[in-house]
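Examination of the molecular architecture
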Amino acid sequence: MMNEKLLLFVGGRYDTDSNPDLFNDNFSPRISAVYTATNDLTLRASAARAHRFPATSEDLADLTIPFAEFSPNSELKEEKIKTFEFVSYTSNHSETRFFPL
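Presented here is a report on the structure given in the accompanying data block. (Residues numbered from 1 in each chain as written. Predicted model: local features only at pLDDT ≥ 70, side-chain atom pairs only at ≥ 80, totals over all residues. Heavy atoms only, no water.)

So, about the side chain of Arg44. Examined against the element boundaries, Arg44 turns out to sit in strand β3 (residues 41–52). Here the side chain of Arg44 touches Glu85 through a polar contact of 3.4 Å, side chain to side chain. (Helix = DSSP H or I, 4+ residues; strand = E, 2+ residues; numbered from the N terminus. Polar contact = N/O pair within 3.5 Å; in protein donor to acceptor, adjacent residues only side chain to side chain.)

So, on to the environment of Glu85. Relative to the assigned elements, Glu85 resides in strand β6 (residues 79–90). Sequence separation of Glu85 and Ala48 is 37 residues, and the distance between their C-alpha atoms is 8.8 Å.

Tracing the backbone through its elements, the reader meets Arg52 in strand β3. Note on Arg52: relative accessible area 36%, which makes it partly exposed. The sequence separation of Arg52 and Ile81 amounts to 29 residues, and the corresponding C-alpha distance is 9.1 Å. (Buried < 20%, exposed > 50% of the residue type's maximum accessible area, 1.4 Å probe, protein only.)

We now examine the side chain of His51. Summarising the element assignment, His51 is placed in strand β3. Engagement of the side chain of His51 in a polar contact is seen with the side chain of Asn26, the distance being 3.5 Å. Excluding residues within four positions of it along the chain, His51 makes contact with Arg13, Asp15, Asn26, Ser28, Glu78, Glu79 and Lys80. (Contact = heavy atoms within 4.5 Å.)

Per the stated rule, a full pass over the model turns up 3 salt bridges. Asp15 is the salt-bridge partner of Arg13, the closest N and O atoms lying 2.8 Å from each other. Classification of Arg13 as partly exposed rests on a relative accessible area of 40%. Here Arg30 and Glu85 are joined by a salt bridge, their closest N and O atoms 3.7 Å apart. (Salt bridge = Lys/Arg side-chain N within 4 Å of Asp/Glu carboxyl O.)

For the rest of this paragraph, the subject is a nonpolar patch on the surface. Taken together, Leu8, Val10 and Ile31 make up a surface patch of nonpolar side chains, about 270 Å² in accessible area. For Val10, the location among the structural elements is in strand β1 (residues 6–15). Val10 sits in the exposed class, given a relative accessible area of 68%. (Patch = residues over 30% accessible without salt bridge, like charges linked within 9 Å, V, L, I, M, F, W, Y side chains within 5 Å. Areas by Shrake-Rupley, 256 points an atom, 1.4 Å probe, with all protein chains shown as cover.)

Here you go:
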């Protein structure tokens, strides 16, 4: 917290894969700032980086059940994303804009 009008939030997530031969551990940071301009207007800006390991059902499972078939894909890589988000809140409306990189 910085002052009564401006709040700063910092966080993150640490992921580790059960098979270190396939994927490296990864840290996903996130930062947000919330500014209360007036009683009727609040602004928020956030930036984050995240990733996701393929699920076992996506890269290793070979399974057929009624109405679904799962075929393994060992070529899958972890997914990565960087995002920026700007939000304005008023007493009767909110507006969100996402800016993926």
